[in-house]
Amino acid sequence: MAHRLVIILLACALFFSNAFASESILEPQPTVHVPITLSHNTTECVCDNPDFYYETDYPDTGVTRYYWFVVGDYYHRPDGHERATMAVNGSIPGPTIFANWGDWVVVNVFNNINVTDRYPGNASVTIHWHGVNQFGTVLNDAWDGVFGGIIINGPASADYEEDLGVLMISDWTHLTPEEAYDTIQLFGPQTLSTGLLNGSNVWDPQQDAYACPSWNNFQKNMTGTCHLKRDETEIMGSRFNLTVEAGLTYRLRLVNAAVHNSFEFLIEGHDLTVIAADLVPINNYTTHSVKIFAGQRYDVLFTANRSDRGPFWIRAIPLNQCSSIWKTATVSGILYYGEYDGTIPKDLEINSTTNGCTDEPMASLVPIVPKNVPPIPQNAPFLSNRTSCTTGHNCSASAFVIETTINQVKMNGGTDDLFRWLINNNSMTSRWGYPTAEIINNTDTLERYTDWNFYEVPDDHEWVYVMFDNRVKGKGNRQASTPHPMHLHGHDFYILAQGTYPWNESSVQLSNPPRRDSALLPGPGGYLLIAWEANNPGPWLMHCHFGWHTDMGFDMQFIERRQEFRTSMNPVDWAVYNQTCVDFLPFDLGNKLLQSVGENQAGV
Ligand SMILES: [Cu+2]
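This section reports on the structure supplied with the text. Bear in mind the structure is a predicted one, so any value in this text is a computation, not a measurement. Within each chain, residues carry numbers counting from 1 in the order of the written sequence. With the structure being a predicted model, the display of local features is reserved for residues of pLDDT at least 70 and the display and counting of side-chain atom pairs for 80 or more, all residues being used for whole-chain, interface and lining totals. Hydrogens are left out, water is left out, and the side-chain values use all remaining heavy atoms of the structure.

So, the sheet that holds strand S13 (residues 263-267)
Moving on, step 1. Should DSSP find at least two bridges between two strands, the strands are taken to pair. A run of DSSP states H or I qualifies as a helix once it reaches four residues; a run of E qualifies as a strand once it reaches two. Both are numbered from the N-terminal end. Strands sit in the order S11-S19-S18-S13-S16 across an open sheet of five strands; the sheet is mixed. Either end of the sheet is taken by a strand with one partner, and the two such strands are strand S11 (241-244) and strand S16 (290-292). Taken pair by pair, the neighbouring strands of this sheet meet at an average axis angle of 20°, ignoring direction.
Moving on, step 2. Here S11 runs beside strand S19 (residues 332-337); their pairing, made up of four bridges, is parallel. From the neighbouring strand, Val 244 faces S19, where its bridge partner is Tyr 337. Think of each axis as a best-fit line through the C-alpha atoms, taken over the contacting stretch in the case of a helix, with angles from 0 to 180 degrees between the N-to-C directions.

Remarks on the pairing of strand S18 (residues 312-318)
Moving on, step 1. Relative accessibility decides the category of a residue: with a 1.4 Å probe and only protein chains considered, values under 20% of the type maximum give buried, values over 50% give exposed, and everything between is partly exposed. Across the seven residues of S18, seven count as buried, placing the element largely inside the fold.
Moving on, step 2. Side chains Phe 312, Ile 314, Ala 316 and Pro 318 project from S18 onto one buried face, and the interleaved Trp 313, Arg 315 and Ile 317 project onto a second face that is buried too.
Moving on, step 3. Note: S13 against S18, five bridges, orientation antiparallel. When the bridges of S18 are listed, Glu 264 appears paired with Ile 317.
Moving on, step 4. Of the pairings in the sheet, the one linking S18 to S19 comprises four bridges and is antiparallel in character. Looking at S19, one finds that Ile 314 is bridged to Gly 333.

Thoughts on the state of the cysteines
Moving on, step 1. Any two cysteine sulfur atoms within 2.5 Å of one another count as a disulfide. Under the definition given, this model contains two disulfides.
Moving on, step 2. Paired through a disulfide, Cys 322 and Cys 357 show a sulfur-sulfur distance of 2.1 Å. Looking down the S-S bond of the Cys 322 and Cys 357 bridge, the torsion is -105°, so its handedness is left-handed. Taken together, the positions of Cys 322 in the loop between S18 and S19 and Cys 357 in the loop between S19 and strand S20 (398-409) put the pair 35 residues apart, joining distant regions of the chain.
Moving on, step 3. Here Cys 322 falls in the buried class, since its relative accessible area comes to 8%.
Moving on, step 4. Given a relative accessible area of 7%, Cys 357 falls into the buried group.

A word on the pattern of salt bridges
Moving on, step 1. One side-chain nitrogen of Lys or Arg within 4 Å of one carboxyl oxygen of Asp or Glu is enough to make a salt bridge. As enumerated under the stated definition, the model contains 15 salt bridges in all.
Moving on, step 2. One salt bridge connects Arg 77 with Glu 82, and the closest N-O pair in it is separated by 3.6 Å.
Moving on, step 3. Shared partners join several salt bridges into a network, and the residues in it are Asp 163, Arg 251, Arg 253 and Asp 299.

Here we look at the packing of aromatic side chains
Describing an aromatic ring pair means giving the distance of the ring centres and the angle of the ring planes.
Moving on, step 1. A pair of aromatic rings is counted whenever rings of Phe, Tyr or Trp (Trp by its six-membered ring) have centres within 6.5 Å, and the orientation is called stacked for planes under 30 degrees apart, edge-to-face for over 60 and tilted otherwise. Tallying each qualifying case throughout the model produces 18 aromatic pairs.
Moving on, step 2. Relative to Phe 110, the ring of Trp 68 lies with its centre 5.1 Å away and its plane at 35°, an arrangement referred to as tilted. Of the two residues, Trp 68 is situated in strand S2 (residues 64-76) and Phe 110 in strand S5 (residues 104-111); the sequence distance between them amounts to 42 residues.
Moving on, step 3. The exposure class of Trp 68 is partly exposed, given its relative accessible area of 26%.
Moving on, step 4. Judged by its relative accessible area of 27%, Phe 110 is partly exposed.
Moving on, step 5. Seen from their ring centres, Tyr 336 and Tyr 340 are 5.1 Å apart, and the 80° between their planes marks the pair as edge-to-face.
Moving on, step 6. In textbook terms, an aromatic cluster arises when at least three aromatic residues are bridged by ring pairs, as seen for Phe 382, Tyr 501, Trp 503 and Tyr 527.
Moving on, step 7. Charge over a ring is defined by NZ of Lys or CZ of Arg lying within 6 Å of the ring centre and within 35 degrees of the ring normal. One cation-aromatic arrangement involves Arg 83 over Trp 172; the distance from NZ or CZ to the ring centre is 4.2 Å.
Moving on, step 8. The cationic tip of Arg 471 hangs over the ring face of Tyr 501; the distance from NZ or CZ to the ring centre is 3.6 Å.

Below you can see the structure in the form of structure tokens.
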């Protein structure tokens, strides 16, 4: 989990880290406001021009925006029930970064976590800019736990009148990750208390008595607090709500920020028009609901066109085959036409759905800017009829099979059997005192570090093909049917095939396949075949976006163009990086693996 992380103080530009060199980090800077000059109307949209590609073409507004993040520990009551938390600028979700397409953004991050009481000795912080590909700035990439939104105003692929901003869908537990983690290692992920919409929900205290049995493992194995039935009978907390004006069309930017839950999102009585997947503009499609998995984002439009004017439920319904939220808890908000009046919709709330754990169909996610993928090399290990590769068949490409395994293993001399996910029989274990970039910069031998799950992609602009095979083997079947939402840093990847075995090689889609940075590896028995171009030198993390799985070793690193990475990074970035590593060493306690509660985590 992300509560104990590598870099003590990280300051970097969101888009280009060399902006850091010329900016003071000593004092808050005023945010520069300029009028938004880019229209979101399709008449001025450049995103359907095949010659204009968002990864390489963007305007330069000449504007730099400054943000000031203080990461600290707090107590919050997002659903009325108080709990110890960690947050940015004191809010859950954290602050949203707003910018126009083509701006530069400088974010100054300060670590104000209390290392005396709550996190004795070690509470370092890193930040991952999810959805920002960070070309050339891998040294400022990291991993994440607390979260906030990023909105970049710019052209969109459909018209709308008002941008309602980010809607963060998350799960929530009344135990902190530290309190829950030992149980989760011993017994697998447990049922969480509830979910939140933009950090809000209601909670019925009477549920506490019933929630205890779902934590019986916790009760049996730990001393601590299982929430006992309270005297209160009042519903606690408050619901997320939106107010809209009849006749207008609105944009919502959906984000699944959950640790271990998957949702079907809908607004009762209103169709959704999906215009982007993980920020990639797609041919619009209209649907009743969108399934969204951890780490994914969808931009959706809806029109307030109901003559009966509601109110209407805004629902994030847990998918019951791949979610674990306490069964009486609901995750819903309310849409009001006109003014908020506090009334409740007439329909019943819904606390789960049997609709399957599947991504939005590949056929629905058609990027507006078409991009094609070269053929899979003939010797790819996942091809059933593979042959030696002959000239002209993309033979310089890299191709890997990633097999997932769940197992119970003893870690670091301990006596308990702990659940660990294995990637090709290795469960990721990194050492914060000696991070990957430092290994490479020292020209140390990657092969010495087998449990870091390195996969090397050596050549310039070579293509990479990765087949994830989720026919889980191993001891225990608690999670054997679990799908995994896979997220790659540093790239948008292409989804070439996705489904349940047996897979048919003729189903591979090379012509303008879906392109995004988070996609579901289905389960049980599922496969996900992705590809990307090695156009961003450096070590890039790929991991399951279920936070517990990330922690239990479901991680790998693709080392892209190793030598070029060493020599091509900005010298200022290397200097900051190396100094940060030096500064961190006293917190690493002699390179001992002490990364969180239990001391057995992947370090991610
Ligand atoms: Cu997973």
